[in-house]
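Structural description and commentary
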Amino acid sequence: PLSDNNNKIAISSSSNNNNNNNKNGKDRVYCMIPFIWNEEIYKIIMETWGKRCDVINFLTDALVGGKLIGDKITEDPMGYRNYTDFPKGTFPENVIFINMTR
């Protein structure tokens, strides 16, 4: 049989981790959300569980358009446009556009 010493698990806290840059010594939460741009849902996330994130970024396709109805993306009469076609400041700074395969 194994002794009690062999069954113990070492648990380290981030407050003891020298690589932790958080000045308060508390755990930090980075939220990275794959996302189809939708302003209403963005606001809901930011107002609810997004508040728990120390850093929150939304990763979305560079092509913006379509309407989210339920869990389906439907065609938008405006079609799809590259995010660069929109005026500066249209999207929040924590929305990161990347080229995704549709």
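This section reports on the structure supplied with the text. (Residues numbered from 1 in each chain as written. Predicted model: local features only at pLDDT ≥ 70, side-chain atom pairs only at ≥ 80, totals over all residues. Heavy atoms only, no water.)

**Details of the state of the cysteines**
Put simply, the rule is: The definition used for a disulfide is geometric: two cysteine sulfur atoms within 2.5 Å. Each helix is a run of H or I in the DSSP string that is no shorter than four residues. Each strand is a run of E no shorter than two, and both are numbered from the N terminus. Any residue under 20% of the maximum accessible area for its type is buried, any over 50% is exposed, and the rest in between are partly exposed; the area is computed with a 1.4 Å probe on protein chains only.
If you walk through the whole model with that rule in mind, you get one disulfide. Between the sulfur of Cys-31 and that of Cys-53 lies a disulfide, 2.0 Å long from S to S. On the sign convention where negative means left-handed, the S-S torsion of about -85 degrees between Cys-31 and Cys-53 marks this disulfide as left-handed. A residue pair is termed long-range when its members are at least 10 positions apart, and Cys-31 in strand S1 (residues 30–35) and Cys-53 in the loop between helix H2 (39–47) and strand S2 (55–61) qualify at 22 residues. Residue Cys-53 is classed as buried on the basis of its relative accessible area of 11%.

**Looking at the pairing of S1**
Applied cut-off: Two strands qualify as a pair provided that DSSP identifies no fewer than 2 bridges between them. A crossover gets the label right-handed when its path from the first strand over the helix to the second runs clockwise, viewed with the strands pointing away from the viewer.
Going residue by residue along S1, you find Cys-31, Ile-33 and Phe-35 tucked away on one face and Tyr-30, Met-32 and Pro-34 left uncovered on the opposite face. With six bridges connecting them, S1 and S2 associate as parallel partners. When the bridges of S2 are listed, Phe-35 appears paired with Thr-60. Handedness of the crossover joining S1 and S2 through H2 is recorded here as right-handed.

**Focus on the pattern of salt bridges**
Selection rule: The working definition used for a salt bridge is a side-chain nitrogen of Lys or Arg within 4 Å of a carboxyl oxygen of Asp or Glu.
Summed over the entire model, instances satisfying the criterion amount to one salt bridge. The residue Glu-39 makes a salt bridge to Lys-43 at a minimum N-O spacing of 3.5 Å. Residue Glu-39 and its partner Lys-43 are located together in helix H2, separated by four residues, close to a single helical turn.

**With respect to the sheet that holds S1**
Filter applied, for reference: Lines are fitted to the C-alpha atoms to define the axes, a helix being fitted only along its stretch in contact, and any angle between axes, read from their N-to-C directions, falls within 0 to 180 degrees. Contact between two residues is taken to exist if any of their heavy atoms lie within 4.5 Å; hydrogens are not considered.
The three strands are arranged S1-S2-S7 in an open sheet whose pairing can be described as parallel. Two strands close off the open sheet at either side, each with one partner strand: S1 and strand S7 (95–98). Averaged over all neighbouring strand pairs, the angle between strand axes comes to 25 degrees, with direction disregarded. The sheet contacts of H2 involve S1, S2 and S7, and relative to S2 the element is tilted by about 160 degrees.

**Points about the nonpolar core**
The following threshold applies: Put simply, a nonpolar core is a bunch of buried Ala, Val, Leu, Ile, Met, Phe, Trp, Tyr and Cys residues held in one set by side-chain atoms that sit within 4.5 Å of each other.
In terms of nonpolar packing, the biggest core is built from 14 residues, with Phe-35, Trp-37, Ile-56 and Phe-58 touching the most fellow members. When contributions to this core are tallied by element, the ones reaching two or more residues are S1, H2, S2 and S7. Here this core takes three residues from S1, the largest share from any one element.

**With respect to a nonpolar patch on the surface**
This is how it is decided: Residues forming no salt bridge and having over 30% relative accessible area are the ones grouped into patches, like charges within 9 Å of each other and nonpolar side chains (Val, Leu, Ile, Met, Phe, Trp, Tyr) within 5 Å. Using a 1.4 Å probe, accessible areas were evaluated by the Shrake-Rupley method; residue-level cover was limited to the displayed protein chains.
On the surface, Tyr-30, Met-32 and Val-55 cluster together into a nonpolar patch covering about 300 Å² of accessible area. On the secondary structure map, Tyr-30 appears in strand S1.

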